[in-house]
Amino acid sequence: MFVKIVNSPREYAWGSITAIPELMGLEPTGKPQAELWLGTHPGSPSAVVHEDGSEEPLARWLVESGNAEELPFLFKILAAAHPLSLQVHPSRKQARLGFTRETQLGIPLTAPNRNYKDQEHKPEIIIALSDTFDALCGFRSIARVRDDLLRVIQSAASPDLALLEKALLLLRDAPEASPEERERVAQEARQEFIVWLFSHSAEAEDFMRALEAALRGGESSLVEEYPNFKTFLHLREEYPEDPGAAVSLLLNRVTLTAGESLYLPAGNMHAYLHGLGVEVMASSDNVLRGGLTTKHVDTEELVNILDFSTLDTPRLTGEGEHPGVMRWVPDVSDFQVWGIETLKDRPARVQLPGSSAVGFVTRGEITINYSGGSVSLQRGESFAGIQSLSGAEEIEFEGDGQAFVATTGVVSGAE
């Protein structure tokens, strides 16, 4: 059974004024609309719309239909006009330990300095809807970071080059060592550099100002040729004096095109910079922030859960299931995501795993045919579905449009 569901966009300062309204075919309100949540998360639960126009909480409808009250995942439409905070999410084990510790310390769940709001992990996937979607994610090699800084030192006529050289001392490399030893040194260097930045010492703050001055006063080609420097300057404008701007130098700067995706598991530092996308995650509120925010930053706990390993851009390639069907399968059982493309003469058919699904129509019109009925949806409308626990039935999507669907997964992930 499939039904229409509704929710209201959430207004955050970093959101786009136009992206979500345009996607939903609505007039902009003039306020930034950052996210549309679909699911049962208590922070913004969806409602089922019945044929008579009445609404019912999605969680209650699921229970009445014989399914779990809460979905293990949260589906979002995310529209970033400004950078989000640098952040990292804990593993399930880290979340349980952190939640227990903070509860025993008597820190209220609503306290601004509370890191762990629940005992769950929060892996997530982002799939670009806009032509481009910009993000920072995962640590790039120390050698590349050092080469970038050396290029500035060699080209800049600045009296503060000693501060840039101080950064090079912290971001040490061991090119002659074994690969394992070189990686160990790199991880230690990243940790020391981040702790130094968040010490808010005069030296660390002077380093950021010196780098900005060198980039703005040096060769113009530097900023254009080195994406991380362009990002650093942009973040300095958006978040003056925030250490997160300098942390961005360590991270992969990636631009997705429509349909491309990133998967961000526990321990991966990341930030979305600009664009519209479908974001699906485990249903958790656990976020450790690493800058670019006015919210609480717990540097000690951030360092405890960060994975400081060198990481290439963590793209997750979709798998072509059938004509018009794409599937993204992360290494967790909380969720997987399906992309559905239908044409007038080519419906898409798929067996969705799990007992519950949530989705959103991003283009055109689609009718979902299932055993016992059908539901028709237009661009900007969302839906939820349930099916028998005894086995997945084949669902037919017909029309001329595009939709994304999240379901529970089938892969067991690391704790």
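Please refer to the structure higher up on the page.
Each value, and the rule that gives it
- Residues numbered from 1 in each chain as written.
- Predicted model: local features only at pLDDT ≥ 70, side-chain atom pairs only at ≥ 80, totals over all residues.
- Heavy atoms only, no water.
- 1 Å grid on protein atoms, 1.4 Å probe; cavity = no way out; pocket = protein on both sides within 12 Å on 5 of 7 lines; lining within 4 Å.
- Points joined across faces, edges and corners; volume = space filled by probe spheres on them.
- Helix = DSSP H or I, 4+ residues; strand = E, 2+ residues; numbered from the N terminus.
- Nonpolar A, V, L, I, M, F, W, Y, C, P; charged D, E, K, R; others polar.
- Axes fitted to C-alpha atoms, helices over the stretch in contact; angles between N-to-C directions.
- Parallel < 35°, antiparallel > 145°, perpendicular 65-115°, else oblique.
- Left-handed = near helix turned anticlockwise from the far one by under 90°.
- Contact = heavy atoms within 4.5 Å.
- Salt bridge = Lys/Arg side-chain N within 4 Å of Asp/Glu carboxyl O.
- Buried < 20%, exposed > 50% of the residue type's maximum accessible area, 1.4 Å probe, protein only.
- Polar contact = N/O pair within 3.5 Å; in protein donor to acceptor, adjacent residues only side chain to side chain.
- Expected span 1.5 Å × (residues − 1).
- Pairing = 2+ DSSP bridges.

### Here we look at empty space enclosed by the protein
Alright, step 1. Counting across every chain of the model gives one cavity of 30 Å³ or more.
Alright, step 2. Of the voids in this model, the largest cavity is the one considered here, and its volume is about 50 Å³.
Alright, step 3. Phe2, Leu352, Pro353, Gly354, Ser355, Ser356, Ala357, Gly385, Ile386, Gln387 and Thr407 together form the lining of the largest cavity.
Alright, step 4. Listing elements by their share of the lining of the largest cavity, those giving two or more residues are strand 17 (356-370) and strand 19 (382-386).
Alright, step 5. Counted by class, the lining of the largest cavity contains five nonpolar, six polar and no charged residues.

### Observations regarding the packing of helix 4 (residues 142-155) against helix 5 (residues 161-170)
Alright, step 1. Contact pair helix 4 / helix 5: the axes reach a minimum separation of 10 Å and the direction vectors enclose 165°. Here helix 5 runs roughly antiparallel to helix 4, going by the angle between their axes. Handedness of the crossing formed by helix 4 with helix 5: left-handed. For the pair formed by helix 4 and helix 5, the contact residues are Arg146, Leu149, Leu150, Val152 and Ile153 on the first element and Leu161, Leu164, Glu165, Ala167 and Leu168 on the second.
Alright, step 2. In the contact of helix 4 with helix 5, the residues fall into eight nonpolar, no polar and two charged.

### A short note on the layout of surface pockets
Alright, step 1. Approximately 960 Å³ is the volume attributed to the largest pocket.
Alright, step 2. For the lining of the largest pocket, the secondary-structure elements that each account for two or more residues are strand 2 (35-38), strand 5 (73-80), strand 11 (270-282) and strand 12 (288-289).

### Focus on the environment of Glu11
Alright, step 1. When you line up the elements, Glu11 lands in the loop between strand 1 (2-6) and helix 1 (19-24).
Alright, step 2. When the C-alpha atoms of Glu11 and Pro227 are compared, they prove to be 29 Å apart, with 216 residues separating the residues in sequence.
Alright, step 3. Residues contacting Glu11, with those up to four places away along its chain left out, are Lys31 and Pro32.

### Focus on the pattern of salt bridges
Alright, step 1. Under the defined criterion, the tally for this structure stands at 27 salt bridges.
Alright, step 2. Glu56 is the salt-bridge partner of Arg60, the closest N and O atoms lying 3.4 Å from each other.
Alright, step 3. Since its relative accessible area comes to 45%, Arg60 is described here as partly exposed.
Alright, step 4. A salt bridge links Asp206 to Arg209, with the shortest nitrogen-to-oxygen separation between them at 2.7 Å. With Asp206 and Arg209 both in helix 7 (residues 202-217) and three residues apart, the pair spans about one turn of that helix.
Alright, step 5. On the basis of relative accessible area, Arg209 is assigned to the partly exposed category, the value being 35%.
Alright, step 6. Through salt bridges with shared partners, a single ionic network connects Asp206, Arg209, Glu212, Arg216, Arg236, Glu237 and Glu241.

### Observations concerning the side chain of Asp334
Alright, step 1. Here Asp334 shows up in the loop between strand 14 (325-328) and strand 15 (336-342).
Alright, step 2. For Asp334, a relative accessible area of 8% gives the class buried.
Alright, step 3. A polar side-chain atom of Asp334 sits 2.9 Å from a polar atom in the side chain of His121.
Alright, step 4. In contact with Asp334, not counting residues within four places along its chain, are Pro72, Phe73, Arg92, His121, Ala282, Thr407, Thr408 and Gly409.

### What about helix 9 (residues 227-238)?
Alright, step 1. End to end, helix 9 covers 17 Å across twelve residues, agreeing with the expected 16 Å (1.5 Å per residue, within 8%).
Alright, step 2. Those residues of helix 9 not exposed but buried are Asn228, Phe229, Thr231, Phe232, Leu233, Leu235 and Arg236.

### Some details on the pairing of strand 7 (residues 124-128)
Alright, step 1. Within strand 7, five of the five residues are buried, which leaves the element mostly enclosed by the surrounding structure.
Alright, step 2. Of the two faces of strand 7, the one lined by Glu124, Ile126 and Ala128 and the one lined by Ile125 and Ile127 are each fully buried.
Alright, step 3. Note that strand 7 and strand 10 (residues 261-264) share four bridges and pair antiparallel. Residue pairing in the sheet places Ile127 in a bridge with Ser261 of strand 10.

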